[in-house]
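# Results of the structural survey
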Amino acid sequence: MEGATSCVLAAGKNGADRSNFDGDANWEKQDDGSYLAAKGLPVKVTFPADPDGVSRICVVEATLPSQDQQKQMRTAFEVLLKQKPLDQTDSLIWMFGKGENARGLQFFTDNTSDKPKIRLIGAAF
């Protein structure tokens, strides 16, 4: 969850700001520019480039120990973000801010695996 909230803040229309991860003892920067959770958790943060070469979004990929943990994460995001998400076919979306400060968090769930492989995308609009 920490990675996802940091990703939302890192996302930027003119390029993502990686400073939330650089120098943070909870994240280990990798040679490819991604970050792994320092505590050995199965969490990876990446900043994929758009076709123009600029990285604007931030992506967190993780493997959760159970479907129950995935449900708990959804509930925790609802509490943290103080709103219910927009329920899409394959994801949940939380939107906040307005105008130039609009941001979103998209949570791609995995409802079929015993150990769900999830993806969260932070974006600025």
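Residues numbered from 1 in each chain as written. Predicted model: local features only at pLDDT ≥ 70, side-chain atom pairs only at ≥ 80, totals over all residues. Heavy atoms only, no water.

### Notes on the state of the cysteines
This structure, assessed with the given rule, holds 1 disulfide. With its sulfur 1.8 Å from that of its partner, Cys 7 forms a disulfide with Cys 58. The chirality of the disulfide connecting Cys 7 with Cys 58 is left-handed, given an S-S dihedral of about -50°. Here Cys 58 lies in strand S4 (residues 58-63) and Cys 7 lies in helix H1 (residues 2-10), a separation of 51 residues in the sequence. Cys 58 shares its class with Cys 7; the two are buried. (Disulfide = S-S within 2.5 Å. Helix = DSSP H or I, 4+ residues; strand = E, 2+ residues; numbered from the N terminus. Buried < 20%, exposed > 50% of the residue type's maximum accessible area, 1.4 Å probe, protein only.)

### A look at the packing of aromatic side chains
Following the criterion strictly, the structure yields 6 aromatic pairs and no others. Seen in terms of ring centroids, Tyr 35 and Phe 47 are 6.2 Å apart; in terms of plane orientation they differ by 80°. Their pairing is edge-to-face. Highlighted residues: Tyr 35 in strand S2 (residues 35-37) and Phe 47 in the loop between strand S3 (43-46) and S4, separated in sequence by 12 residues. For the pair Tyr 35 and Phe 47, one class covers both residues: buried. (Phe/Tyr/Trp six-rings, centres within 6.5 Å; stacked < 30°, edge-to-face > 60°.)

### Section: helix H2 (residues 67-81)
With 15 residues, H2 should cover 21 Å at 1.5 Å per step; its first-to-last C-alpha distance of 21 Å lies within 8% of that length. Turning to H2, its buried residues number three or more, namely Gln 70, Met 73, Phe 77 and Glu 78. For H2, the angular spread of the buried residues around the axis is 135°, confining them to a single face. Of the exposed residues in H2, the ones pointing more than 90 degrees away from its buried face are Lys 71 and Val 79. On its buried face, H2 sits against H1, strand S6 (91-96), strand S7 (103-108) and strand S8 (117-124). Directly after H2, the chain includes Lys 82, whose backbone phi takes a positive value near 55°. (Expected span 1.5 Å × (residues − 1). Arc of directions from axis to C-beta. Contact = heavy atoms within 4.5 Å.)

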